[in-house]
Amino acid sequence: MTVQIDHALEEIRRFRPSPEFAAQAVADERLYEAAAADRLGFWADQARELLQWEKPFTRTLDWSNPPFAKWFDDGELNVAVNCLDRHVAAGNGDRVALHWEGEPGDSRDITYAELTDEVKRAANVLEGLGVGEGDRVAIYLPMIPEAVVSMLAVARIGAVHSVVFGGFSADSLASRIDDAEASLVITADGGYRKGKVFPLKPVVDEALGKTEKGTVQNVLVVRRGENEIAWDDARDQWWHETVSAAQAEHTARGFGAEHPLFILYTSGTTGKPKGILHTSGGYLTQAAFTHKNVFDLHPETDVYWCTADVGWVTGHSYVVYGPLANGATQVLYEGTPDTPHPGRWWEIVEKYKVSILYTAPTAIRSFMKLGRRIPQEFNLRSLRLLGSVGEPINPEAWIWYRHVIGGGSIPVVDTWWQTETGAIMISALPGVTDLKPGSAQVPIPGISIDILSDDGTPVEGEGGGLLVVTEPWPSMLRGIWGDPERFKETYWEKFGDKYFAGDGARRDEDGDIWLLGRVDDVMNVSGHRLSTAEIESSLVAHPWTAEAAVVGASDETTGQAVVAFVILKASQAEQVTDVAEAADELRRHVAAQIGAIARPRQVFIVNELPKTRSGKIMRRLLRDLAEGREVGDTTTLADTSIMQVISAQVR
Ligand code: WTA
């Protein structure tokens, strides 16, 4: 376990919901009672209440073939209709769906009626390009409205999207396109980031040159960055020429509740990312349920803003599917928090009177470093609820968030979940649950969580162990794309029919759950998952590298940071005269191969790595070094003196 709870026990405080908040809260105690009395009945009620079904379901859960769950599987629905058309039909077409803010300061307000029309046009274009039910579409876009439109258009026609974060490299994009066998890529010429245009279409061109399967027939390109790009007439189409000209009539049909909705690649413990598969009815039910109850959504009056990129699962569930299924009005922001000035986020909160803000601890900690003067220049009084996700939020950051951003008395909800869980699993319900800074607290109604010791026995009462989900849940992953064996092995082999999340956790004396970080070789950098194995294999692919070991070292701002230890090939000794330059070259190499988020904070060139007698690298010892600690127990090393040699080289 790599993340420590950085608080003294006596500092734990509890905050009762204020009576005013509780009086207007969407959630109440009865949700817990109903779910405890009849878990499946509870989820069936939620699915019926929150969604519109073309064909009602009669079966709630089929768990006859674990770990392959089916939820509501004889029902049919259209996910895009649930997010769009039905709100227009209910008379809410004029409600703003998206307040979009571009980084350079341009902006667009898009109503539900307009968004519905745009999605219908895009659906017509996709069908015109031959994309049909079950076909995969890769989406590689900046945070512009067309990203949301693309995802919903794909969903509307029963195709399957695979959104790839715009910060990933051509290699990463190519391997995802190949794995999903995508037939279409939707991209933009470029997007804005830190005041500059970053190219996307050129990366797609490069990626398509690298794909091995050649499945991509067309590339649909949104004009955004106005940067110069190459063009292939036979393959490429402009969005503004095709979608804008298409008909806004499109009849959507229902698809089975278990019809695949999307694949999203995430890092695992091996070098190859896993394509996490989510389906329709159960996923949308839990995304909508949690978005409504955890964020206390009043769709007529709230302005909601989740700062996540659509390239991550938070952007899928809490920018696109949850909020739109609930008819929310939300902010979508293209750029970085500090462009063109460090108060940009707070300016946006003031401009749109944002009432609900959902972001990551790493962002909160960077704002803490800059100081409270920056947010205090803006009027943030519209805020009435704050959320956190992606990594443990330390109590200090929690308190700062509540006081400096939230004005001191509004609820902060810390939400634990994963790409695999599809939606929030552990969180307080605002207005109902007492809040405890630093703890994600309690499973949401209808979710069964436990903490097990390594041999599978449940930890009773207070104590620490491994976090598991003990009953299937509606938005659970349905598998790893194309790899059912890896799905079973990764999540189900360890504890039978209990889902192993890969996180350590502790239950305190009140029964509240504290997340303690990953227990596997997955790192969490700025709330983004990275695999040590993937970065190691990238380092080893460099001609200079003989061997590499990567660890996640704790970092004040980003939670963890990538630190690499590399042994260079003896044959390269002549080329590499300057160790600092070699380290820089390797850092650049990883960024180019995987993406800038994977760039190591430090690369140490060493002559040896600490190994056990069986040849396994002892990352624990390297982590001690990377974090500047005294090196721990070295007795299992094949050569116990090796750490002294390495320490000397790292200093
Ligand atoms: C971590 C992001 C502590 C955890 C939604 C998990 C958290 C991984 C929290 C999933 C939280 C997420 N407290 N840790 N509130 N939320 N995590 O798939 O280690 O990108 O396994 O999903 O992030 O990351 P992923």
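Residues numbered from 1 in each chain as written. Predicted model: local features only at pLDDT ≥ 70, side-chain atom pairs only at ≥ 80, totals over all residues. Heavy atoms only, no water.

**Description of the overall build of the protein chain**
Heads up, the rule is: By definition, any uninterrupted DSSP run of H or I lasting at least four residues is a helix, any uninterrupted run of E lasting at least two residues is a strand, and each is numbered from the N terminus. For a compact globule the rule gives 2.2 Å times the number of residues to the power 0.38, and the radius of gyration it is set against comes from C-alpha atoms. When a residue's accessible area, from a 1.4 Å probe over protein chains only, is under 20% of the maximum for its type it is buried; when over 50% it is exposed; and in between it is partly exposed. Whether two residues touch is decided by their heavy atoms; if any such pair falls within 4.5 Å, the residues are in contact. Residue exposure ignores everything except the shown protein chains as possible cover, and the areas themselves are Shrake-Rupley values with a 1.4 Å probe. Charged residues are defined narrowly, with Lys and Arg counted positive, Asp and Glu counted negative, and His plus the chain ends left uncounted. Working definition for charges: the position is that of NZ of Lys, CZ of Arg, CG of Asp or CD of Glu.
Looking only at helices and strands, one finds 21 helices and 30 strands in the protein chain. Since a compact globule built from 651 residues should have a radius of gyration of about 26 Å, the 24 Å found for the protein chain is in line with a globular shape. If you line up the protein chain on its principal axes, its C-alpha atoms span 75 × 65 × 55 Å. Per-residue burial for the protein chain yields a buried fraction of 62% across its 651 residues. Residue pairs in contact within the protein chain that sit at least 24 positions apart in sequence constitute 71% of those at least 6 positions apart. In the structure as shown, the protein chain presents an accessible area of about 24,600 Å², 47% of it carried by carbon and sulfur atoms. Across the protein chain, the centroid of the 63 positively charged side chains sits 1 Å from that of the 92 negatively charged ones.

**What to know about the packing of aromatic side chains**
Pairs of aromatic rings are described using the distance from one ring centre to the other and the angle between the two planes. The test is simple: Between the rings of Phe, Tyr and Trp (Trp by its six-membered ring), a pair exists once the centres lie within 6.5 Å; its type follows the angle of the planes, with under 30 degrees stacked, over 60 edge-to-face, and the other angles tilted. Only when the NZ of Lys or the CZ of Arg is both within 6 Å of the ring centre and within 35 degrees of the ring normal is a charge said to sit over the ring.
With the rule as written, the count across this model stands at 34 aromatic pairs. Relative to Y283, the ring of F262 lies with its centre 5.1 Å away and its plane at 85°, an arrangement referred to as edge-to-face. Taken together, the residues span a long stretch of sequence, with F262 in strand β14 (residues 260-266) and Y283 in helix α11 (residues 281-294) at a distance of 21 residues. The pair F262 / Y283 is uniform in exposure class, with both members buried. One aromatic cluster is present, built from ring pairs that chain together W63, F68, W473, F487, Y491, W492 and Y499. Its guanidinium or amino end placed over the ring of F15, R402 lies 4.1 Å from that ring's centre, counting from NZ or CZ.

**Focus on the pairing of β14**
Put simply, the rule is: Each pair of strands is called paired provided DSSP finds at least two bridges between the two strands.
Counted residue by residue, β14 has six buried out of seven residues, so it is predominantly covered. Two strands pair when backbone bridges link them, and strand β7 (residues 160-163) and β14 are joined in this way by two bridges, in the parallel orientation. By the bridge assignment for β14, S162 is matched with I263. Across six bridges, the pairing between β14 and strand β15 (residues 274-279) is antiparallel. Following the sheet pairing, L264 is matched in β15 by I276.

**Quick notes on the site of the ligand**
As a reminder, the rule being used: A single heavy atom is enough: if one lies within 4 Å of a molecule or strand, its residue is considered near that molecule or strand. Whenever a nitrogen or oxygen atom comes within 3.5 Å of another N or O atom, the pair is scored as a polar contact, on the condition that within protein one atom can donate a hydrogen and the other can accept it, and that pairs from neighbouring residues in sequence are kept only if both atoms are in side chains. Three categories are distinguished: nonpolar for Ala, Val, Leu, Ile, Met, Phe, Trp, Tyr, Cys and Pro, charged for Asp, Glu, Lys and Arg, and polar for the others, with Gly belonging to the last.
Close contacts around the ligand come from 17 residues, with D414, T415, T419, R518 and R529 the closest. At a separation of 3.4 Å, a nitrogen atom of the ligand approaches a polar backbone atom of E391. The side chain of N524 places a nitrogen or oxygen atom 3.3 Å from an oxygen atom of the ligand. Elements supplying a minimum of two residues to the shell around the ligand: α12 (313-325), β20 (412-415) and β25 (513-518). Residue composition of the shell around the ligand, grouped by class: six nonpolar, six polar and five charged.

**Quick look at the pairing of strand β17 (residues 329-333)**
To be explicit about the condition: A crossover gets the label right-handed when its path from the first strand over the helix to the second runs clockwise, viewed with the strands pointing away from the viewer.
When you tally the buried positions in β17, you get five out of five residues, the bulk of the element. With burial as the criterion, each face of β17 is covered, one bearing T329, V331 and Y333 and the other bearing Q330 and L332. With three bridges connecting them, strand β16 (residues 303-306) and β17 associate as parallel partners. What sits directly across from Y304, in β17, is Q330. A crossover links β16 with its parallel partner β17, the connecting element being α12, and its sense is right-handed.

**Details of the nonpolar core**
One broad trend across soluble globular proteins is that nonpolar side chains are buried collectively. Threshold: Nonpolar core, defined: a set of buried Ala, Val, Leu, Ile, Met, Phe, Trp, Tyr and Cys residues in which side-chain atoms within 4.5 Å join the residues together.
Of all hydrophobic cores here, the largest spans 187 residues; its most connected members are F295, Y321, W346, I405, L467 and I535. Among the elements that take part in this core, helix α7 (residues 145-156) stands out by supplying eight residues, more than any other. Setting aside anything within four residues of it in sequence, one finds F295 in contact with T290, Y304, Y318, I356, Y358, R384, L385, V413 and I424. In this structure, I567, L609, I617 and L621 belong to the second largest nonpolar core, which totals 20 residues.

**So, the packing of helix α14 (residues 361-370) against helix α16 (residues 395-405)**
Which entries qualify depends on this criterion: Axes here mean lines fitted to C-alpha atoms, for a helix over just the part in contact, with angles spanning 0 to 180 degrees between N-to-C directions. Any angle between 65 and 115 degrees counts as roughly perpendicular, while under 35 counts as roughly parallel, over 145 as roughly antiparallel, and the rest as oblique.
One can describe the packing of α14 onto α16 by two numbers: an axis separation of 10 Å at closest approach and a directional angle of 75°. Judged by the inter-axis angle, α14 sits roughly perpendicular to α16. Each of I364, R365, F367 and M368 in α14 lies in contact with α16, whose residues at this interface are E396, A397, W400 and Y401. Of the residues contributing to the contact of α14 with α16, the split by class is six nonpolar, no polar and two charged.

**Topic: the confidence of the model for the protein chain**
Rules: pLDDT is a per-residue confidence score from the predictor, ranging from 0 to 100.
Within the protein chain, residue pLDDT values average 94, and 98% of them lie at 70 or more. Per-residue pLDDT stays below 50 along residues 1-11; that stretch engages in 21 contacts with residues further than four places along the chain or on separate chains.

**Quick look at the pattern of salt bridges**
Stated precisely, the cut-off is as follows: Salt bridges are identified by distance alone: a Lys or Arg side-chain nitrogen within 4 Å of an Asp or Glu carboxyl oxygen.
Counted according to the given criterion, the structure contains 48 salt bridges. With a shortest N-O distance of 2.9 Å, E420 and R529 are connected by a salt bridge. With E420 in the loop between β20 and β21 (449-452) and R529 in strand β27 (residues 528-531), the pair connects residues that are 109 residues apart, well separated along the chain. The buried category is assigned to E420, whose relative accessible area is 1%. Note that E485 and K488 form a salt bridge whose closest N and O atoms lie 3.5 Å from each other.

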